[in-house]
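# Breakdown of the fold
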Amino acid sequence: MPVLDVRARAVDALTRLVRDIPDFPEPGIVFKDITPLLADAAGFGAVVEAMAAAGRDESGAVVVDKVVGMEARGFILAAPVALALGVGFAPVRKAGKLPHDTHQADYSLEYGEAVLELHQDAVAPGDRVLLVDDVLATGGTAAATCDLVRRCGAEPVGFAVLMELGFLDGRAALGDVAVQALQRV
Ligand code: AMP
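One structure accompanies this document, and this report is about it. (Residues numbered from 1 in each chain as written. Predicted model: local features only at pLDDT ≥ 70, side-chain atom pairs only at ≥ 80, totals over all residues. Heavy atoms only, no water.)

Let's shift gears to the pairing of strand S8 (residues 155–164). Across the 10 residues of S8, 8 count as buried, placing the element largely inside the fold. Sheet topology places strand S7 (residues 128–136) next to S8; 8 bridges connect them, and they run parallel. Paired with valine 132 across the strands is alanine 160, a residue of S8. Read from S7 through helix H5 (residues 140–151) to S8, the crossover connection turns out right-handed. (Buried < 20%, exposed > 50% of the residue type's maximum accessible area, 1.4 Å probe, protein only. Helix = DSSP H or I, 4+ residues; strand = E, 2+ residues; numbered from the N terminus. Pairing = 2+ DSSP bridges. Right-handed = clockwise from strand over helix to strand, strands pointing away.)

Right, let's get into H5. Compared with an ideal rise of 1.5 Å per residue, which puts 12 residues at 16 Å, H5 spans 17 Å between its outermost C-alpha atoms and is within 8% of the ideal. Among all positions of H5, only Gly140, Ala142, Ala144, Thr145, Cys146, Leu148 and Val149 are buried. On its buried face, H5 sits against strand S3 (66–70), strand S4 (88–94), strand S5 (102–108), strand S6 (113–119), S7 and S8. Following H5 by one or two positions, glycine 153 adopts a phi angle in the positive range, close to 85°. (Expected span 1.5 Å × (residues − 1). Contact = heavy atoms within 4.5 Å.)

With that out of the way, let us pick up the packing of aromatic side chains. Inspection of every chain in the model, using the stated rule, returns 2 aromatic pairs. Between the aromatic rings of phenylalanine 24 and phenylalanine 31, the centroid separation amounts to 5.3 Å while the plane-to-plane angle is 80°, which identifies the pairing as edge-to-face. Relative accessible area serves as the criterion here: at 44%, phenylalanine 24 is assigned to the partly exposed category. Here phenylalanine 75 and phenylalanine 89 contribute two aromatic rings whose centre-to-centre distance is 6.2 Å and whose plane-to-plane angle is 80°, an arrangement assigned as edge-to-face. Linking phenylalanine 75 in helix H4 (residues 73–85) with phenylalanine 89 in strand S4, this pair joins segments that are 14 residues apart in sequence. (Phe/Tyr/Trp six-rings, centres within 6.5 Å; stacked < 30°, edge-to-face > 60°.)

Contacts to the ligand come from 13 residues, most closely from Asp133, Asp134, Thr138, Gly139 and Thr141. Here a nitrogen atom of the ligand sits 2.9 Å away from a polar atom, N or O, in the main chain of valine 30. Considered on its own, the ligand offers 490 Å² of accessible surface; in the complex 82% of this is hidden by protein. Only strand S2 (30–33), S7 and H5 provide two or more residues apiece to the shell around the ligand. Each residue belonging to the shell around the ligand can be placed in one class, and the counts come to 5 nonpolar, 4 polar and 4 charged. (Near = heavy atom within 4 Å. Polar contact = N/O pair within 3.5 Å; in protein donor to acceptor, adjacent residues only side chain to side chain. Areas by Shrake-Rupley, 256 points an atom, 1.4 Å probe, with all protein chains shown as cover. Nonpolar A, V, L, I, M, F, W, Y, C, P; charged D, E, K, R; others polar.)

The next point concerns helix H3 (residues 41–52). Counting along an α-helix, one turn takes 3.6 residues, and residues three or four places apart therefore face a common direction. In this model H3 runs 16 Å from its N-terminal to its C-terminal C-alpha over 12 residues, within 8% of the 16 Å that 1.5 Å per residue would give. Considered for burial, the residues of H3 that qualify are Gly43, Ala46, Val47, Val48, Ala50, Met51 and Ala52.

Next up, the structure:
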């Protein structure tokens, strides 16, 4: 199927199946709830296919060696994207969850700081890595993940995300890592 059709189906699914939850988890935040999208096989399949396009070149050839997904909703999207591309998946987790040797990166939350971790052997030196998450907000999570990938000697080459909150300009935190957002809200 042509790339444009894939993307149009994905955007249609996002528009119909992602719901806004005002004031969750705290007042002033409009939470993008993707659970109705995940519950719809056609919609879920459409967004996975469209996100996987970020790991291919114009001819359709796969140009990444690994897909990295961020806790927690990133895992749900990144694992099928990795399988669609025929490459492995690696999880970035909050501090203290990964059992083997890790790299750690601080990142900013709305209030204070937190730590993300990646296994040191999750990606190999020289690997080209695609990051996958559901929402790009301030970009702190994605920037910390890029840092972790680089600490392994690998290269973050792209970041595929369902939705970008345009008013927060998270792209600015990602430098020259190509951001592919299916929808900008
Ligand atoms: P940030 O680091 O600010 O770019 O935030 C991105 C992370 O927080 C992603 O892993 C998202 O799952 C989550 N997130 C931030 N804002 C929202 C939102 N409005 N709705 C749903 N998830 C969000």
